[in-house]
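# Descriptive structure summary
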Amino acid sequence: MTTATLPDAFAACETITRDEARNFYYGIRLLPPQKRAALCSLYALARRIDDIGDEDRPREDKIRALAALRQDLQRIDVSTDPVLLAVAATARDFPVPLEAFLELIDGVEMDLADVTYETFEDLTVYCRRVAGSIGRLCLSVFGAGTDPRAPMYADQLGIALQQTNILRDIREDLLIGRVYLPQQELKEHGITLELDAQGSLCDPEARLAAYIGFAAARAENWYALGGRLLPELDSRSSACCAAMSGIYHRVLTRIRKNPSDVYGSRLSLPGWEKGAVAVSALARGGLR
């Protein structure tokens, strides 16, 4: 492991976040320095876990790498790895639920098997592990008010964001053999996911478009549930949370308006629009 000073460790985590978390960083940079550094450290570790699942290497190697990370988390206080060093320091300053990283690892391990989910309830388990866990980690840095349901709201907001990702990435996931849309629902809507000669999603009878509209409306409800978190946060944390979720919510709004936008390429917002969401969230004091 590389030995690093604590300032260097936090700087490395911020670089990872700035380079890799294009959407999240628009919100993270609205935080005061200590919270920004803390959240970057948590993101950097979450990113490492997620990257293991997406790497192009044998499944057995990924399983071993995730198992090694589980062990690293058990002895995080003595680690010299820069990311783990920063996370350990963050956990001393904030009530970080380190077990949420273990839950994230559980979710990534689900991606290593044949990725199909029979029901939406099954998919929600996955979403809670890979995204609800991130919501709860963020909440530990934001700090909550007096509502004991705040962790549940953070969990729900994470699930909303993950549903947005799933709808945006239907084609990209299919290309690597992953189908997150519930099989039961696909059957009910008469949908078989496949690509046409140009590599775009086939939808000759607009059944997929209708289903995406249905699923996007459901995700909208999860945003409403998770949005109850914002009034529990201080103004800067609320603005950060609103900016991060607001960018994904705009993506969902576009998908809901034009489902076919996800058929041929990955939908994303231009940088100016992401910046506008962040500025608006800050100006409104976190949507309050």
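Before any of the text, the structure's been laid out above.
Residues numbered from 1 in each chain as written. Predicted model: local features only at pLDDT ≥ 70, side-chain atom pairs only at ≥ 80, totals over all residues. Heavy atoms only, no water.

## Description of the overall build of the protein chain
This is how it is decided: Comment: elements are numbered from the N terminus, with helices defined as DSSP H or I runs of at least four residues and strands as E runs of at least two. Only the C-alpha atoms count toward the radius of gyration. The rule for a globule is 2.2 Å times the residue count to the power 0.38. Each residue is placed in one exposure class: buried if its accessible area under a 1.4 Å probe, protein chains only, is under 20% of its type's maximum, exposed if it is over 50%, and partly exposed if it falls in between. Accessibility throughout is a Shrake-Rupley quantity obtained with a 1.4 Å probe, and a residue counts as covered only by protein chains that appear here. Charged residues are defined here as Lys and Arg on the positive side and Asp and Glu on the negative side; His and the ends of the chain fall outside this count. Charge positions come from single atoms, namely NZ of Lys, CZ of Arg, CG of Asp or CD of Glu.
Within the protein chain, the regular secondary structure consists of 13 helices and 0 strands. Taken from the N to the C terminus, the helices and strands of the protein chain come in the order α-α-α-α-α-α-α-α-α-α-α-α-α. For the protein chain, whose C-alpha radius of gyration is 19 Å, the value lies close to the compact-globule estimate of 19 Å for 288 residues. Dimensions of the protein chain along its principal axes, counting C-alpha atoms only, are 60 × 50 × 35 Å. Out of the 288 residues belonging to the protein chain, those deemed buried represent 53%. Carbon together with sulfur atoms contributes 52% to the accessible area of the protein chain, which is approximately 13,100 Å² in total. Averaging the coordinates of the 34 positive side-chain charges in the protein chain and doing the same for the 40 negative ones gives two points 5 Å apart.

## Thoughts on the side chain of Thr17
The criterion, for reference: Throughout, a contact is declared for two residues whenever any of their heavy atoms are within 4.5 Å.
Position of Thr17 relative to the elements: it lies in helix H1 (residues 6–20). Taking relative accessible area as the criterion, Thr17 reaches 0% and is therefore assigned buried. Those residues in contact with Thr17, other than ones at most four positions away along the chain, are Tyr25, Ile28, Cys40, Tyr43 and Ala44.

## Quick notes on the packing of aromatic side chains
Under the convention used in this document: To pair, rings of Phe, Tyr and Trp, with the six-membered ring standing in for Trp, must have centres within 6.5 Å; the planes then decide the type, stacked if under 30 degrees apart, edge-to-face if over 60, and tilted in the middle. Criterion for a charge above a ring: Lys NZ or Arg CZ within 6 Å of the ring centre, and within 35 degrees of the ring normal.
Counting across every chain of the model gives 6 aromatic pairs. Their ring planes at 35° and their centres at 5.6 Å tell us that Tyr117 and Tyr126 sit as a pair that is tilted. By relative accessible area, which is 4% here, Tyr126 ends up buried. The ring of Phe120 carries Arg218 above its face, with NZ or CZ at 3.7 Å from the centroid.

## A closer look at the environment of Ile176
Relative to the helices and strands, Ile176 is located in the loop between helix H9 (170–175) and helix H10 (183–188). A relative accessible area of 56% places Ile176 in the exposed class. It is 9.9 Å that separates the C-alpha atoms of Ile176 and Val115, two residues lying 61 residues apart in sequence.

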